[in-house]
Structure formats: C-alpha cells, structure tokens
Amino acid sequence: MERSILAGKDLSEDAQLAMWKNFIQKVSEFARKCYKTRDLIGMLSIGEDEEELEIPDIDLFRPENVGNMDSCEMIDMEKLLAILDVNSLTEDAVSANVLRKNNDSYGVGLWLLPSFINHSCCPNSRRLHVGDYLIVHASKDMKAGEEITFAYLDPLSPLSKRREMSMTWGIQCKCKRCRFENEVFAKQEIKEIEIGLERGMDVGGVVYKLEEHMKRLKVRGKEKAYLRASFWSAYCEAYRSDRSMKRWGRRIPAMDAVVDSVVDVVGGDHRLLKIMVEELKKNGGGGSGLVGMEKALKLARDVYGKVVKKQAMKTLVEFCIGD
Ligand SMILES: C[S@@+](CC[C@H](N)C(=O)[O-])C[C@H]1O[C@@H](n2cnc3c(N)ncnc32)[C@H](O)[C@@H]1O
C-alpha cells in the first residue's frame, strides 16, 4: 500500500480532520499585521532556557496597552512554530463536555497571558473554554505570591499515564503529587493494584485493596487524595456498578467523601460533578437531596467558575447529567 493517512475510526461526513495550517496562518497573519501582538507572541517560550527569559510586565497584556512599535522584530516561521508547539492549548469546551456536541473535535488556540501558566498535577486554577474565550479561574484559595498553575493533562489519571502525556510537553513534572507518587508507585503493593486494574480485576476490589494499603502504609490527607485521583477510573466504575456496590459498598468509603478529597487536590472536574449528580438522581430528592444539590452546585462553581448565575448553573448541572 502507498504511504497515506487512514481514518483511525468511523467518521461522519462533517467530522473535522485537521485545522493546523489555518491556525498557523492566522497567528502568523496577526503577528505580521499587529506589532503589539507580535511583541507579546515574541515573549512566549520555545521550551528552552526558560530560566533566562524575562518575566513580562502584566500591564503589557491589558487591552489599553498599545505596545511599542520600535521594540519588536518580525518572528521567523521556525520560531513561531516552536512557540505554537509549546504554548497552544486544545479546548475542552463546555459545549463538548456538557451539551455533548463536538465531543470528538477539539479546537486549538493560542491565548497569550495563559501561555505563561505552568502545569501542575494538583493545580490551583482551572481553564474553561467558552467560544473563543479562555477563562482561567481559581479552583483553590491562593496566597499572594503563590504560583498559578493549571493541568495541561488529565489530573484524574495515574502517574504512568501523566508521565507519558507530560513528555509530549517536554515536561518532567515535579509537583508535590508526582514526587509523592513516584515513591508510592514503586511499592510492590501499589504496583500490583495497578496491574490488577489493567488486567480487568473487579474495580470494587481494586478500590478496597487500595484503601486497605493506604491504611497500612499510613497514607493520609492530601496524599490519600492524590492516590484516589490517580485511581479515579476504578472508583468511578465501582460507584456506578450496582454489582460492585452490592459486593464492596460497605467496605469502601462513600462516594461523596472520595469526591470531596479528590476535589481538594485536583480542583473541580466535570466527571466528579457528573457522578455526584447521578447519585443524587438515583437517590431521588428529599431532605438530604437538597443538601446534596447545594454540594453539587458548589462543585459546579469549581468546575464552571462563579461567572455562571445560579439558575444557569442548575441548568448546566442538568445538562451535565443528561438522561
Ligand atoms: C505554556 S508554557 C508555560 C510558561 C513557561 N514556563 C514560560 O516561561 O513561558 C509551557 C512550557 O513551560 C514549561 N513548563 C510548564 N509546566 C512545567 C512543569 N510543571 N515543570 C517543568 N516545566 C514546565 C515547559 O517548558 C513547557 O513546555
């Protein structure tokens, strides 16, 4: 067969196949026509010698700043491609997650100021894409001077997967969570649980074993939450399975306690919200339902930010679950 590109899966007639060229052309056109944009793009990292790069003044990014026509040079294509490689973000838009439209198609874009935010697997902020806008909101309380981080990759995935994904960014993450998990995942018991999960071991049993090992290894607080986040796929599947809950339900921690601890370390996430609201629906309304709904709305604010009004948030939560 001739060398060619094959569809990796069945695609519908209007499926988006590629958008890179157009994107690169657009950015390069903007950079050519507008010296302020060129100036700001020129400050972005190409992923090398970042310690030596100048920290730009935040005022440069304000709309009223007109830039300095004399100070910036044209950016050659090689540098521009390197900048786009290091700083472009794919958008996991609300419409993709909530309305289930465009589930498979991700847009890619360059947002200048957010390009300075580094990655962490236990981030303190979260990004939300609405149309062309990228909204970054705090997902935890922060102290003045604290570094703002968001997750470039899925924080609800295990260390090995996160390592693999971060390599595409040229990053070796050394956040607190990765440092801790580096040690823990080397332990035989945890390795066995990971292998068991990969080999299709009963997910309830995986959760039970993990919780027991954490007790034995005296893993508590945030560290316990790191591991729960890493094994989230097993927790999630166990809570969703009637069979698993019948067998393991009494021996594993309640779903809302696990969600609370995971939110505490990775911040809000639509999958955590989804399982919480599913549980609420399963148990019907009633007194505890109201408390549960308040909790879900609080989590929804962590996921979608405070910009969304309460009534709209309720609708968003409904959409998030579907029927
Ligand atoms: C979008 S830029 C972030 C801002 C960048 N640090 C700068 O100085 O402009 C992405 C690049 O930052 C660096 N980076 C981001 N998060 C990192 C992390 N957790 N550890 C190490 N390097 C990181 C990597 O070089 C990555 O390619």
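The present account deals with the structure reproduced in this document. Here the structure is a predicted model, which means the values were calculated and not measured.

Moving on, we get to the overall build of the chain. Within the chain, the secondary structure is distributed over 15 helices and six strands. Expressed as a percentage of its 323 residues, the buried residues of the chain come to 41%. Contacts spanning at least 24 positions in sequence make up 66% of the contacts within the chain whose residues lie at least 6 apart. Just so you have it, the chain exposes about 20000 Å², and 52% of that area is on carbon and sulfur atoms.

Here we take up the site of the ligand. Taken together, the residues surrounding the ligand are Ser-45, Glu-50, Val-86, Asn-87, Ser-115, Phe-116, Ile-117, Asn-118, His-119, Tyr-152, Trp-169 and Ile-171. At 2.8 Å, a backbone N or O of His-119 approaches a nitrogen atom of the ligand. In the environment of the ligand, an oxygen atom lies 3.3 Å from a nitrogen or oxygen atom belonging to the backbone of Trp-169. When the ligand is considered free in solution it has 560 Å² of accessible area, and contact with the protein chains removes 81% of it. At the level of elements, helix 3 (77–87) and strand 3 (118–119) are the ones that each hand at least two residues to the shell around the ligand. Looking at the shell around the ligand residue by residue, the classes come out as six nonpolar, five polar and one charged.

On to the nonpolar core, then. Core analysis: the biggest nonpolar cluster contains 54 residues, and Trp-232, Tyr-235, Val-259 and Leu-273 have the highest contact counts within it. Look past the residues within four positions of Trp-232 in its chain and what remains in contact with it is Leu-156, Val-258, Val-259, Arg-271, Leu-272 and Ile-275. Ala-31, Ile-41, Leu-80 and Val-108 belong to the second largest nonpolar core, which has 12 residues in total.

Another point: the packing of aromatic side chains. Going through the model one piece at a time under the given rule, you end up with seven aromatic pairs. With centroids separated by 5.6 Å and ring planes inclined at 75 degrees, the aromatic side chains of Phe-61 and Phe-116 adopt a geometry described as edge-to-face. Residue Phe-61 is located in the loop between helix 2 (35–42) and helix 3, and its partner Phe-116 is located in the loop between strand 2 (107–109) and strand 3; the two are separated by 55 residues in the primary sequence. Using a relative accessible area of 31% as the deciding quantity, one classes Phe-116 as partly exposed. These aromatic residues form a ring-pair network of at least three members: Phe-150, Tyr-152 and Trp-169. The ring of Phe-150 has Arg-127 lying over it, and the distance from NZ or CZ to the ring centre is 5.4 Å. Sitting over the face of the ring of Tyr-208, Arg-251 holds its NZ or CZ atom 5.2 Å from the ring centroid.

A few words on the pairing of strand 5 (residues 133–138). Pairing between strand 4 (residues 125–130) and strand 5: six bridges, direction antiparallel. Directly across from Arg-126, in strand 5, lies its bridge partner His-137. Once strand 4 ends, the chain turns through two residues before running back antiparallel as strand 5, passing Gly-131 with a positive phi of about 60 degrees.

A few words now on a negative patch on the surface. Residues Glu-48, Asp-49, Glu-50, Glu-51 and Glu-52 make up a contiguous surface patch of negative charge. Relative to the helices and strands, Glu-51 resides in the loop between helix 2 and helix 3. Judged by its relative accessible area of 70%, Glu-51 is exposed.

Enumeration according to the criterion identifies 14 salt bridges in this entry. Arg-228 is the partner of Glu-211 in a salt bridge, and the nearest nitrogen-oxygen pair spans 2.8 Å. Of this pair, Glu-211 sits in helix 8 (residues 203–216) while Arg-228 sits in helix 9 (residues 221–230), placing them 17 residues apart in sequence. Take Glu-211 and Arg-228: they sit in the same class, and that class is buried. With its nearest N and O atoms 3.1 Å apart, the salt bridge here joins Glu-212 to Lys-215. Taken together, the residues Glu-212 and Lys-215, both in helix 8 and three residues apart, mark about one turn of the helix.

Time to look at helix 6 (residues 176–184). Buried within helix 6 we find Arg-177, Cys-178, Phe-180, Glu-181 and Val-184. End-on view of helix 6: buried residues confined to an arc of 165 degrees, all on one side of the axis. Residues Lys-176 and Glu-183 are exposed on helix 6 and point more than 90 degrees away from its buried face. Looking at the buried residues of helix 6, the elements they touch are helix 5 (159–167), helix 7 (188–198), helix 9 and helix 12 (255–266).

Basis of the calculations
Residues numbered from 1 in each chain as written. Predicted model: local features only at pLDDT ≥ 70, side-chain atom pairs only at ≥ 80, totals over all residues. Heavy atoms only, no water. Helix = DSSP H or I, 4+ residues; strand = E, 2+ residues; numbered from the N terminus. Buried < 20%, exposed > 50% of the residue type's maximum accessible area, 1.4 Å probe, protein only. Contact = heavy atoms within 4.5 Å. Areas by Shrake-Rupley, 256 points an atom, 1.4 Å probe, with all protein chains shown as cover. Near = heavy atom within 4 Å. Polar contact = N/O pair within 3.5 Å; in protein donor to acceptor, adjacent residues only side chain to side chain. Nonpolar A, V, L, I, M, F, W, Y, C, P; charged D, E, K, R; others polar. Core = buried A, V, L, I, M, F, W, Y, C linked by side-chain atoms within 4.5 Å. Phe/Tyr/Trp six-rings, centres within 6.5 Å; stacked < 30°, edge-to-face > 60°. Lys NZ or Arg CZ within 6 Å of the ring centre and 35° of its normal. Pairing = 2+ DSSP bridges. Patch = residues over 30% accessible without salt bridge, like charges linked within 9 Å, V, L, I, M, F, W, Y side chains within 5 Å. Salt bridge = Lys/Arg side-chain N within 4 Å of Asp/Glu carboxyl O. Lys, Arg positive; Asp, Glu negative; His and termini not counted. Charge placed at Lys NZ, Arg CZ, Asp CG, Glu CD. Arc of directions from axis to C-beta.

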